[in-house]
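Chain by chain, the residues run as shown.
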Amino acid sequence: MFCPPTAEGDGKLPAQTEPMLRLFDIARRGDLPEMHALLKKFPSVWQAKDSDGCTALHAAASSGSMDVAQLLLQAGMGVRDADNDGWQALHYACANGHHGLAGWLLHHGAELHSRTDEGWQPIHVAAHTGQTQLARFLVAQGAELRARTKIGHEVVPLATDAG
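Within each chain, residue numbers correspond to sequence positions counted from 1 in written order. It should be noted that, the model being predicted, local features are given only for residues of pLDDT at least 70 and side-chain atom pairs only at 80 or more, the latter also being counted only at that level, while totals for whole chains, interfaces and linings use all residues. To obtain the side-chain values, all non-hydrogen atoms of the structure were included, while hydrogens and water were left out.

Student: Help me understand the environment of Ala56 in this model?
Tutor: A run of H or I in DSSP becomes a helix once it reaches four residues, and a run of E becomes a strand once it reaches two; helices and strands are each numbered from the N terminus. Relative to the assigned elements, Ala56 resides in helix α3 (residues 56–63). Between the alpha carbons of Ala56 and Asp25 there is a distance of 8.6 Å; along the sequence they are 31 residues apart. The contact partners of Ala56, leaving out residues within four places of it in the chain, are Leu23, Phe24, Ala27, Leu72 and Met77. Two residues form a contact once any of their heavy atoms are found within 4.5 Å.

This is the structure:
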């Protein structure tokens, strides 16, 4: 699962687009100066969620935008906020192989053993998407290789299936 895609074309939305849509677009692109400007003009926009319950931090984690993630945390966003399916920013970072961002999120309070509504932990997501180095990092941080999802998926078979 990934946050919705960016705008078509050059990836930028027009300045007159409502602030929430711009927030997600800017977070996905990792445009730190533009995020600073948006937060200055609309100080509470960081609290917005899309129809899937994704936050701008989810979007930044999905695209690996660490600078924007740092700014959003400074603005007040919670590192443990979950979308409608229970995915936290750490799940998104792991799904997309953003090792440095995953480590940063853990350092700032992300839950290593957090579960989605289907029981997937970040280690399951990393394994399923073929992010073996990231999965090894999570194990070194204390993730459990024998952890099971609600329907019984284990980490090693997920990694094997991912190739």
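Student: Would you mind showing me how to read the packing of aromatic side chains here?
Tutor: A ring pair, where both rings are aromatic, is described by two values, the distance of the centres and the angle of the planes. Aromatic rings from Phe, Tyr and Trp, with only the six-membered ring used for Trp, were paired whenever their centres fell within 6.5 Å, and each pair was classed as stacked if the ring planes differed by under 30 degrees, edge-to-face if by over 60, and tilted otherwise. Tallying each qualifying case throughout the model produces 1 aromatic pair. Measuring from ring centre to ring centre gives 5.2 Å for Trp87 and Tyr92, while their planes differ by 50°; the resulting arrangement is tilted. The exposure classification of Trp87 matches that of Tyr92, with both residues buried. Partly exposed residues are those whose accessible area sits between 20% and 50% of the maximum for their type, while under 20% is buried and over 50% is exposed, using a 1.4 Å probe and protein chains only.

Student: What's the story with a negative patch on the surface in this structure? I'm lost.
Tutor: Nonpolar side chains (Val, Leu, Ile, Met, Phe, Trp, Tyr) within 5 Å and like charges within 9 Å form the patches, drawn only from residues with over 30% relative accessible area and no salt bridge. Only the protein chains shown count as cover for residues, and all accessible areas are computed by the Shrake-Rupley method using a 1.4 Å probe. Here a salt bridge means any side-chain nitrogen of Lys or Arg lying within 4 Å of a carboxyl oxygen belonging to Asp or Glu. Residues scored as positive are Lys and Arg, those scored as negative are Asp and Glu, and His as well as the terminal groups of each chain are ignored. To locate a charge, take atom NZ for lysine, CZ for arginine, CG for aspartate or CD for glutamate. Taken together, the side chains of Asp52, Asp85, Asp117 and Glu118 make up a negatively charged region of the molecular surface. Relative to the helices and strands, Glu118 is located in the loop between α6 (99–107) and α7 (122–128). Relative accessible area serves as the criterion here: at 56%, Glu118 is assigned to the exposed category.

Student: Just to check I follow, could you spell out the nonpolar core for this structure?
Tutor: In summary, soluble globular proteins display a tendency toward joint burial of nonpolar side chains. Grouped together as the largest cluster of nonpolar side chains are 47 residues, with contacts concentrated most on Leu23, Met35, Leu72, Cys94, Leu105 and Leu138. Apart from residues lying up to four places away in sequence, Leu23 is in contact with Met35, Leu38, Val45, Trp46, Ala48, Ala56 and Leu72. Grouping buried Ala, Val, Leu, Ile, Met, Phe, Trp, Tyr and Cys residues that are joined through side-chain atoms within 4.5 Å yields what is termed a nonpolar core.

Student: Just checking my understanding: could you explain the pattern of salt bridges for this structure?
Tutor: Side chains that differ in sign of charge can pair as their charged atoms come close. With the rule as written, the count across this model stands at 6 salt bridges. The partner of Glu34 in a salt bridge is Arg22, with the nearest N and O atoms 3.9 Å apart. Separated by 12 residues along the polypeptide, Glu34 in helix α2 (residues 32–41) and Arg22 in helix α1 (residues 19–29) bring together distant segments of the chain. Look at Glu34 and you get buried, because its relative accessible area is 19%. Taking relative accessible area as the criterion, Arg22 reaches 13% and is therefore assigned buried. Among the ionic pairs, Arg29 bridges to Glu34, the shortest N-O distance being 3.4 Å. Assessed through its relative accessible area of 26%, Arg29 is described here as partly exposed. In the salt-bridge network here, residues are joined through shared partners; they are Arg22, Asp25, Arg29, Asp31 and Glu34.

Student: How should I be thinking about helix α8 (residues 132–140) in this particular structure?
Tutor: Structural remark: α-helix, 3.6 residues per turn; residues separated by three or four positions point the same way. For α8, the full list of buried residues reads Leu134, Ala135 and Leu138. Down the axis, α8 shows its buried residues gathered within 100° of arc, on one side only. The exposed set on the far side of α8, more than 90 degrees from its buried face, consists of Gln133, Arg136 and Ala140. Buried residues belonging to α8 abut α5 (89–95), α6 and α7. Working note: the arc is built from the helix axis to C-beta atom directions.

Student: How should I be thinking about the environment of Asp117 in this particular structure?
Tutor: Its location among the elements puts Asp117 in the loop between α6 and α7. On the basis of relative accessible area, Asp117 is assigned to the partly exposed category, the value being 43%. Separated by 31 residues in the primary sequence, Asp117 and Gly86 have C-alpha atoms spaced 5.2 Å apart. Sequence-distant contacts of Asp117, that is, excluding residues within four places in its chain, are made with Asn84, Asp85, Gly86 and Lys150.

Student: Would you mind going over the packing of α1 against α2 with me for this structure?
Tutor: Two quantities define a packed helix pair, namely the angle between the helix axes and the distance between the axes. Running from amino to carboxyl end, α1 crosses α2 at an angle of 155°, the nearest separation of the two axes being 9 Å. When the axes of α1 and α2 are compared, the pair comes out roughly antiparallel. As for how α1 packs across α2, the hand of that crossing is left-handed. Residues Pro19, Arg22, Leu23, Ile26, Ala27 and Arg29 of α1 form the contact with α2, whose participating residues are Glu34, Met35 and Leu38. Each residue gets one label: Ala, Val, Leu, Ile, Met, Phe, Trp, Tyr, Cys and Pro are nonpolar, Asp, Glu, Lys and Arg are charged, and the others, such as Gly, are polar. Residue composition of the contact of α1 with α2, by class: 6 nonpolar, no polar and 3 charged. Only the stretch in contact is used when fitting a helix axis, every axis being a line fitted to C-alpha atoms; angles between N-to-C directions are given from 0 to 180 degrees. Working definition: roughly parallel below 35 degrees, roughly antiparallel above 145 degrees, roughly perpendicular at 65 to 115 degrees, and oblique for all remaining angles. For a crossing to be left-handed, the near helix must be turned anticlockwise from the far one by less than a right angle; the clockwise case is right-handed.

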